[in-house]
Amino acid sequence: METNLQHEDLLIKLRAKLNEDKIKLWEPPYIQPDNGISQSLQELAKKYSTALSIDLDTILQGLHELQLHSVDRSKANEEYKETGFATLRIKATIPGERPKIMKVQKKLYVMGSDLITAVAEEIGMAQIRLKLIFNGKVIKPTSSLEEQGIKNGVQIMALIMSKTPDEVKKEDEMYLEMKSTREDAALLSKYADEDYMKLEDQSGKAIELPAGERRALLVGLALHERGRAAARRQDYSRALVLLLDADRQLSECSSSILKSVDNYAVLQLDIAWCYLCLQSLSSATDAAARLARAEASLLRIYGEQHQTVAELKGNLATERVLLMRLYLLQGIVAYHQNKRAEARQLLDKAESELNLLRVDETSVCALVELGWSRAQARGGLRAAGGDRDRAHLLLAARRDARRDLRRRASDDRRRAREERKRGLCADGSAVSPQLVRGLQAMGYTRRRATLALRAANNRAAEAVRLIQEQPELLADSEDSSDDTETTSSDVSLVEPDNKLIAELEAMGYESEEAKAALRVTNNSLDEAANLLVASGGHIVDGAANPTDPSTSAATSSKKKPNKHKKSKRKEECEMALERLSSAIRTEEDDHLDTTLIEEEEFLAQYKSLL
């Protein structure tokens, strides 16, 4: 990589000199008909060799390379105008080999699958192992190149995935696992108010989300963590694909949610880090945009002087790791954009932050023996300035503060659930929990006491009279209260997902049928498709056609689910939670843990070039 960086540094310097002198290498007197080296080009090389203090042959080779590249680009532009064939530069990143540059010509109206096939044949790889990335997005096989923003002359990154049979098997397992992750997230998002999984912001406060956004966020977090795991194994090709998919999922969440947590900023940093490790210099523009978003997100969350970190985490400001990597990546991107002064300034800031982050590994091991993880130990030591005892106290205080906050949040959610179960009185007021307990003390069941107080508008004496003298009224109410699931009322609250509607329409169903089926199944594509098949497509007002005896009976049976159904649902949710929890990191702030080895290496490499 050092040699590649040195060569890139040479080309950056030469481009800067050519722009400064307004020299066009593809025009006379520098160009030769046979693309040979002209006398004028040799004289220019001598001039730049003296100015840059670089060997003459090295300068001449660099200028000739830039010249040939300019000539090729000019020819490609002319050909595109005449024939409509766009020339696409493909940079293939093959594990264990130097990046390979190739040219592929395609008309821009062809599908992405055509380009994928052409590139796979060119490099001798199976299509299933190839991922093409342009402008921070994986190229879709089912959309045209033009629809995906691809133009003549652009450079596209080609990532080669697994190679050995074992790796292929692992990759197949990964995609099956991600399918399971999406299904688990969809299931848990249905029962968000049943406390199966809680999402929290930086302070530990619970985040409430609509079912669709909750599902997208859960899947995005799981994909992000799997991408980070691949990056830790230095499988950067797979990591980048997973991280870009995570970015697509999170983009479906409202901007206000993304602004309240640092996950989005961390994801942007991780994508830019993969670009760097894959030597994808052509992605500098996308990396710069992602780093700008990451910086804006961190400033919103932690404040200009990062005072919010100290307030939230008791001076445990390990977010300094994020800032260090942000400055490092920004400096490297600035270098590749030939903003050398800005790059030097940013790399100096990164080095300053990095020096403050160094900790003694002996102290880390000592804290691990006390029960802390390595990530927590490093974070505690960084916050405590390397003081082992103070780090232990800070970690314990932080753990206790989070525990108390979560306990209070859990109590609030429990009270809210109980209030929903008690329901409202006829006059709209909430049923009094104190009066319910009072009637229970008199020997009445909780359920009957609640129903009586609802009917009596919280008048205890009237509630007792109803229980004793008119129990038949409460029996009627009991049949239609808490435990009764009225499908139509639940379904009316579900907003069908437009993307899922489109998928069902592609299967041949009408728009209204698709919407109705998605309402019934709470936006589950598979269940909606099965329901449409079973009902012959006849879905009315979010339920199967009532004229169909089989479907009307099925709908009726849903109104009073038995305990077995509830128990089964609970078991399914708990299993989904266990699978999803394993996919999403459970250790707090492990994204802030780093040994700094890679960061130090990149910092040294780029500072030497400057």
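Structure first, text after, so check above.
These figures come from a predicted structure and were not determined experimentally. Chains are numbered independently. Their residues run from 1 in the order of the written sequence. Thresholds applied to this predicted model are a pLDDT of at least 70 for local features of residues and 80 or more for the giving and counting of side-chain atom pairs; totals over whole chains, interfaces and linings are not thresholded and use all residues. Heavy atoms from the whole structure form the basis of all side-chain values; hydrogens and water molecules are not counted.

Enquirer: Would you mind showing me how to read the overall build of the protein here?
Expert: Along its length, the protein carries 27 helices and 7 strands. Relative accessibility thresholds used throughout: buried, under 20% of the residue-type maximum; exposed, over 50%; partly exposed, between the two (1.4 Å probe, protein chains only). A buried classification covers 45% of the 610 residues belonging to the protein. We call two residues in contact whenever any of their non-hydrogen atoms come within 4.5 Å of each other. Counted over contacts in the protein with a minimum sequence separation of 6, partners at least 24 positions apart contribute 64%. Note on areas: Shrake-Rupley with a 1.4 Å probe; residue coverage comes only from the protein chains shown. Taken as a whole, the protein presents about 31500 Å² of accessible surface, with 49% of it coming from carbon and sulfur. Secondary structure elements follow DSSP: runs of H or I no shorter than four residues count as helices, runs of E no shorter than two count as strands, and numbering proceeds from the N terminus.

Enquirer: Help me out: how do you make sense of the packing of aromatic side chains in this one?
Expert: For any pair of aromatic rings, the description consists of the separation of the ring centres together with the inter-plane angle of the planes. For Phe, Tyr and Trp, where Trp contributes only its six-membered ring, two rings pair if their centres lie within 6.5 Å, and the inter-plane angle classes them as stacked under 30 degrees, edge-to-face over 60, or tilted in between. For the structure shown, the criterion picks out 2 aromatic pairs. Taken together, a centroid distance of 5.4 Å and an interplanar angle of 85° make the contact between Trp273 and Phe602 edge-to-face. Of the two residues, Trp273 is situated in helix 9 (residues 263-277) and Phe602 in helix 27 (residues 597-609); the sequence distance between them amounts to 329 residues. For Phe602, a relative accessible area of 9% translates into the label buried. We count a charge as sitting over a ring when the NZ of a lysine or the CZ of an arginine lies within 6 Å of the ring centre and within 35 degrees of the ring normal. Positioned above the aromatic ring of Trp273, the side-chain terminus of Arg325 is 3.8 Å from the ring centre. Lying across the ring of Tyr327, Lys349 places its NZ or CZ 4.2 Å from the centre.

Enquirer: What's the story with the packing of helix 14 (residues 361-369) against helix 15 (residues 374-383) in this structure? I'm lost.
Expert: Only the stretch in contact is used when fitting a helix axis, every axis being a line fitted to C-alpha atoms; angles between N-to-C directions are given from 0 to 180 degrees. In contact at an axis separation of 9 Å, helix 14 and helix 15 are set at 125° when each is read in the N-to-C sense. Here helix 14 is positioned oblique relative to helix 15, judged by the angle of their axes. With respect to the hand of their crossing, helix 14 and helix 15 are arranged in right-handed fashion. In contact with Glu361, Ser363, Val364, Cys365, Leu367 and Val368 of helix 14, helix 15 contributes Arg374, Ala377, Arg378 and Leu381. Polarity classes work like this: nonpolar for Ala, Val, Leu, Ile, Met, Phe, Trp, Tyr, Cys and Pro, charged for Asp, Glu, Lys and Arg, and polar for all others, with Gly in that last group. Among the residues forming the contact of helix 14 with helix 15, the class breakdown is 6 nonpolar, 1 polar and 3 charged. Throughout this description, any angle smaller than 35 degrees is read as roughly parallel, any larger than 145 degrees as roughly antiparallel, any in the 65 to 115 degree range as roughly perpendicular, and the remainder as oblique. Crossing chirality is assigned from the near helix's rotation relative to the far helix, an anticlockwise turn below a right angle marking it left-handed and a clockwise turn marking it right-handed.

Enquirer: Just to check I follow, could you spell out the state of the cysteines for this structure?
Expert: Linking two cysteines covalently through their sulfur atoms gives a disulfide. Any cysteine sulfur atom paired with another within 2.5 Å is treated as part of a disulfide. Considering all chains together, one arrives at 0 disulfides under this definition. Cys274 supplies the cysteine sulfur nearest to Cys277, a cysteine that is in no disulfide, at a spacing of 6.5 Å.

Enquirer: Can you help me understand the side chain of Ser144 in this one?
Expert: Mapped onto the secondary structure, Ser144 falls in the loop between strand 4 (137-138) and strand 5 (155-160). Whenever two N or O atoms come within 3.5 Å, that pair is a polar contact, provided that in protein one can donate a hydrogen and the other can accept it, and provided that, for residues adjacent in sequence, both atoms are side-chain atoms. There is a polar contact of 3.0 Å between the side chain of Ser144 and the backbone nitrogen of Glu147. For Ser144, the residues in contact, after removing those within four places along its chain, are Leu108, Tyr109, Val110 and Met111.

Enquirer: Before we go on, may I ask you to explain the nonpolar core in this structure?
Expert: Note on soluble globular proteins: their nonpolar side chains tend to be buried together. Working definition of a nonpolar core: buried Ala, Val, Leu, Ile, Met, Phe, Trp, Tyr and Cys residues. They are joined through side-chain atoms within 4.5 Å. Within the largest apolar cluster, 59 residues are counted, with the highest numbers of intra-cluster contacts made by Leu159, Leu240, Trp273 and Tyr606. No other element matches helix 9, which puts 12 residues into this core. Not counting the four nearest positions on each side in its chain, Trp273 is found in contact with Tyr236, Arg325, Leu328, Leu329, Glu598, Glu599 and Phe602. If you look at the next biggest cluster of nonpolar residues, it comprises 26 residues, including Val104, Ile123, Met125 and Ile139.

Enquirer: Sorry, what's going on with unusual backbone geometry here?
Expert: Glycine aside, a negative phi is what most residues show, and trans is what most peptide bonds show. The omega angle of the peptide bond from Pro28 to Pro29 is 10°, so this bond is cis rather than trans. Here Pro29 is to be found in the loop between helix 1 (2-21) and helix 2 (39-52). Backbone geometry at Asn135 places phi at a positive 55°, although glycine is not the residue there. Within the secondary structure, Asn135 sits in the loop between strand 3 (130-134) and strand 4. One non-glycine residue with positive phi stands out, namely Asn458, at about 70°. Note that Asn458 resides in the loop between helix 18 (446-455) and helix 19 (460-469).

Spatial relationships are all this shows, so hold off on functional conclusions.
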